Amino acid sequence: MTAEYHVPDTALEVREIHKSFGGVQALKGVSFSILKGEVVGLLGDNGAGKSTLVRCISGVHPQDSGEIIINGQEVDIKSPQDARDQGIETVFQDLAVIPNFDVSKNLFLNREILSSNPVLKFFGWLDHKEMNRQSEIALKRLNSRIPSFSEEIKNLSGGQRQAVSIARAVNWGADIVIMDEPTAALGVEQAAQVNNLIKLISSQGIAVLLISHNIQHVMEVCHRAVVLRHGRAAANVRIDDITPDDLVGLITGAKRAA
Amino acid sequence: MTLLSETRSTVFHRILNREYFVYYALILVIVFFAIVLADTAFLSTPNFMNIIRQTTPITVMAVGMTFALAVGHIDLSVGSVVALSALVCSLLVDVVPWPFAVFAGLCAGMLVGLINGVLTEWLKVSSLLITLGSMGVISGVARVITNLESIPVTNDTFTFVFGSGSLGPISVMFIWTLLALVLGWVFLSKTRFGSHLLAVGGNPTASRALGINVVKVKITAMVIAGGAAAMAGMLYAGRLHGARYSLGEADLLTVIAAVAIGGTSLFGGRASVAGAVVGSWLMGVINNGLILWGFSTNEQIIARGLILIVAVAIGVKEDRK
Ligand SMILES: Nc1ncnc2c1ncn2[C@@H]1O[C@H](COP(=O)(O)OP(=O)(O)OP(=O)(O)O)[C@@H](O)[C@H]1O
Ligand SMILES: [Mg+2]
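Residues numbered from 1 in each chain as written. Chains lettered and ligands numbered in written order. Predicted model: local features only at pLDDT ≥ 70, side-chain atom pairs only at ≥ 80, totals over all residues. Heavy atoms only, no water.

A. Seen up close, the overall build of chain B. Along the backbone of chain B there are 14 helices and four strands. Against the 2.2 N^0.38 benchmark of 20 Å for 321 residues, chain B shows a C-alpha radius of gyration of 20 Å, consistent with a compact globule. Its C-alpha atoms put chain B at 65 × 55 × 35 Å along the principal axes. Counting all 321 residues of chain B, 53% fall into the buried class. Pairs at least 24 apart in sequence give 79% of the contacts found in chain B among residues at least 6 apart. When the accessible surface of chain B is summed, it comes to about 14300 Å², and 71% of that surface belongs to carbon and sulfur atoms. The average position of the 18 basic charges and that of the 13 acidic charges among the side chains of chain B differ by 12 Å. (Helix = DSSP H or I, 4+ residues; strand = E, 2+ residues; numbered from the N terminus. Rg over C-alpha atoms; globule rule 2.2 N^0.38 Å. Buried < 20%, exposed > 50% of the residue type's maximum accessible area, 1.4 Å probe, protein only. Contact = heavy atoms within 4.5 Å. Areas by Shrake-Rupley, 256 points an atom, 1.4 Å probe, with all protein chains shown as cover. Lys, Arg positive; Asp, Glu negative; His and termini not counted. Charge placed at Lys NZ, Arg CZ, Asp CG, Glu CD.)

B. Focus on the sheet that holds strand S1 (residues 10-21) of chain A. Residues and elements named next belong to chain A. The strand order across the open sheet formed by four strands is S2-S1-S4-S5, and the pairing between neighbours is antiparallel. Only two strands of the sheet have a single neighbouring strand rather than two, namely strand S2 (24-35) and strand S5 (73-75). Recorded for the sheet is a direction-independent mean angle of 25 degrees between the axes of neighbouring strands. When S1 meets strand S4 (residues 65-70), the two strands line up antiparallel, connected through five bridges. What sits directly across from Val 14, in S4, is Ile 68. (Pairing = 2+ DSSP bridges. Axes fitted to C-alpha atoms, helices over the stretch in contact; angles between N-to-C directions.)

C. The sheet that holds strand S7 (residues 176-180) of chain A, seen in detail. Residues and elements named next belong to chain A. Taken in spatial order, the six strands line up as S6-S7-S8-S3-S9-S10 in an open sheet, and their pairing is mixed. Edge strands, defined here as strands with exactly one partner in the open sheet, are strand S6 (88-91) and strand S10 (232-238). Mean inter-strand twist for the sheet, computed between neighbouring axes without regard to direction, equals 20 degrees. In terms of strand pairing, S6 meets S7 through four bridges, oriented parallel. Residue Thr 90 lies in a different strand from S7, and its bridge partner there is Ile 178. Where helix H1 (residues 50-57) meets the sheet, it contacts strand S3 (39-43), S6, S7, strand S8 (207-211) and strand S9 (224-229), and its direction lies at approximately 145 degrees from that of S8.

D. Representation of the nonpolar core in the model. If you look at the biggest cluster of nonpolar residues, it comprises 92 residues, and the most contacted ones within it are Met 61, Met 65, Phe 158, Phe 162 and Leu 282 of chain B. Top element by residues in this core is helix H11 (residues 214-240) of chain B. It accounts for twelve residues. Beyond its immediate chain neighbours, meaning those up to four positions away, Met 61 of chain B contacts Val 78, Val 82, Ala 229, Ala 232, Tyr 236, Asp 251 and Val 255 of chain B. Counting residues in hydrophobic clusters, the runner-up holds 47 residues, among them Ile 153, Ala 169, Ile 198 and Val 227 of chain A. (Core = buried A, V, L, I, M, F, W, Y, C linked by side-chain atoms within 4.5 Å.)

E. Region of interest: the interface of chain B and chain A. With 30 residues of chain B at the interface, the matching set in chain A holds 29 residues. When chain B packs against chain A, the two sides together hide about 2600 Å² of surface, and 57% of this comes from carbon and sulfur. The three residues of chain B that bury the most area against chain A are Lys 190, Arg 192 and Leu 210 of chain B, which together make up 24% of that side's buried surface. Across the contact surface, chain B and chain A share one salt bridge. Two residues, Glu 152 of chain A and Arg 270 of chain B, come together in a salt bridge whose shortest N-O distance is 3.0 Å. Elements represented by at least two residues in the side of chain B that touches chain A include exactly helix H8 (172-190), helix H9 (192-202) and helix H10 (204-209) of chain B. A class-by-class count of the residues in the side of chain B that touches chain A yields ten nonpolar, eleven polar and nine charged. (Buried area = accessible area lost by both parts, 1.4 Å probe. Salt bridge = Lys/Arg side-chain N within 4 Å of Asp/Glu carboxyl O. Nonpolar A, V, L, I, M, F, W, Y, C, P; charged D, E, K, R; others polar.)

F. Examining the pattern of salt bridges more closely. All names here are of chain A. Using the criterion set out here, one finds 15 salt bridges over all chains in the structure. The salt bridge partner of Lys 199 is Glu 220, with a shortest N-O separation of 3.4 Å. Of the two residues, Lys 199 sits in helix H7 (residues 188-203) while Glu 220 sits in helix H8 (residues 215-221), which places them 21 residues apart along the sequence. The salt bridge partner of Asp 240 is Arg 238, with a shortest N-O separation of 3.4 Å. For Asp 240, a relative accessible area of 63% corresponds to the exposed category. Through salt bridges with shared partners, one network takes in Glu 13, Arg 15 and Glu 67.

G. Molecular detail of the confidence of the model for chain B. Residues and elements named next belong to chain B. For chain B, per-residue confidence averages 91 on the pLDDT scale, and residues scoring 70 or more make up 93% of the total. Predicted confidence is poor over residues 1-8, with pLDDT under 50, and the contacts of this stretch with residues over four places away or in other chains come to twelve contacts. Our summary of model confidence lists the complex with pTM equal to 0.85 and ipTM equal to 0.81. (pLDDT = per-residue confidence, 0-100.)

H. Summary view of the environment of Ala 250 of chain B. Position of Ala 250 of chain B among the secondary structure elements: in the loop between strand S4 (242-243) and helix H12 (251-261). For the pair Ala 250 of chain B and Gly 79 of chain B, spaced 171 residues apart in sequence, the C-alpha separation works out to 7.1 Å.

I. Seen up close, the site of ligand 1. Residues and elements named next belong to chain A. The local shell around ligand 1 holds 15 residues, among which Asn 46, Lys 50, Ser 51, Thr 52 and His 213 are the closest. For ligand 1, an oxygen atom lies 2.8 Å from a polar atom in the side chain of Asn 46. Separating an oxygen atom of ligand 1 from a side-chain N or O atom of His 213 is a distance of 2.8 Å. Within the complex, the protein chains bury 63% of what would otherwise be the 630 Å² of accessible surface of ligand 1. No other element matches H1, which puts four residues into the shell around ligand 1. For the shell around ligand 1, the per-class residue count stands at four nonpolar, seven polar and four charged. (Near = heavy atom within 4 Å. Polar contact = N/O pair within 3.5 Å; in protein donor to acceptor, adjacent residues only side chain to side chain.)

Below is the structure:
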């Protein structure tokens, strides 16, 4: 299991990312990289700039300066669609699902499969059957227990919804999946399910950037941790080389990176 | 099937779902009037065709309003757009070939929808306020350009196609109703475009994050609402052989009540075109029954208001979820 992640290829690199909101400097030059199949924990206190960094990478708002490099090439990400086109999928902090849509409509939102009939296709006619079929495959691949594909998302549990969000992210052959506190709203068992999902997609070669306040989860699923403090990367450590207490120390600033 | 018990839906829940409420309500109301109005022509094919003839403009507006509500907007200007486009069309129809007049009328309505949509996005305020304003402006303009006078229409082809004609026992209005139903239903429920409308209404932030052009989708919905209202204006002009500034003035409440009782959320994300059409029929049947029973328009207005409140009461529990 552990041997697999030593693939030397970098999936994503960020260099000197700066971002300000009016007078607030949320990011003051953040740099780090993620290898293929690696799970990197992005840690930091409230207001450290984690969500801001995620939003730069996923195209919600562009950075003021700095570079985002994917597979060795600098890319210009101006919109969420640009990020998706670059193989970056994001599972947002606030569950980004459409409450009245069923599972398969949520999975295929803005990536719909259209009818093969050219006339119907012209009018954007949806092929619900095919989308349901592929949804089932996608969720099976993630071993998630979803009661029914025709069920509206709002009737599912938090963990099931999160599974749908994650399935949506990985279903499109994403190379990089960013998750902003995917387990924050979940109970113990559902959080464990999501953690298993993260390990599973990482074993499939997908790079994962995981934001979490839960040190235990980070120790369990991450290979590496990047700690943000006051808009800077204060530490970048291998999980195998650090204790949970030291990690907490890095987050609060009680300890400095070696 | 044991897996299903994990979720909150039950068979009971599904039957009492507000999507079906309007169908039960329509049947109940028809049965009720059939009993109390047993000695009148209420329960007859000509009377039902008459109800369709009276109601079609409302039906068409309701389908358009469904699109606006689907994205979380509301269009209060539909009634005034009815008058504007009916007047534009009537002023032109005896001057230029009638299809051009119809086109001009439709364009007027869609233009109002476009302005409503763009202003709402640009100023980032509720469409409720923008369309309340445009309603005032447009109905004022309609009064000014016509000097409060009626504009008669004499073109027989136009009046036949847009409401006065019939094919055997079937009024052309019935065909317009079917067209509105099928077009609205197909686009909202069967196409990618409709899916995006509902997604934007259900969760705009998530829709944006998934790359949907939320602004474009919302503006398009307002253009559709305006276009549908313009179409309704044409149907009034055709049926009444002319237009007047007061056309559509009293329709706003009826339209919103019809759409709401049909299961469309007034807050976006959930919409039913079939429900809106059946809702408009419910309003039409109630109007017709009340008239045959000897009540005046005052009681009809009370009935409309009550229906809107009932619709909101049924819907509110689900919308909060
Ligand atoms: N849209 C915005 N406008 C103004 N200031 C912002 C905006 N977004 C973030 N900030 C500021 O940037 C800083 C970093 O915020 P960010 O949301 O990235 O923190 P975070 O690390 O995700 O915190 P949390 O753990 O609480 O989610 C904060 O000081 C915040 O107030
Ligand atoms: Mg955050």
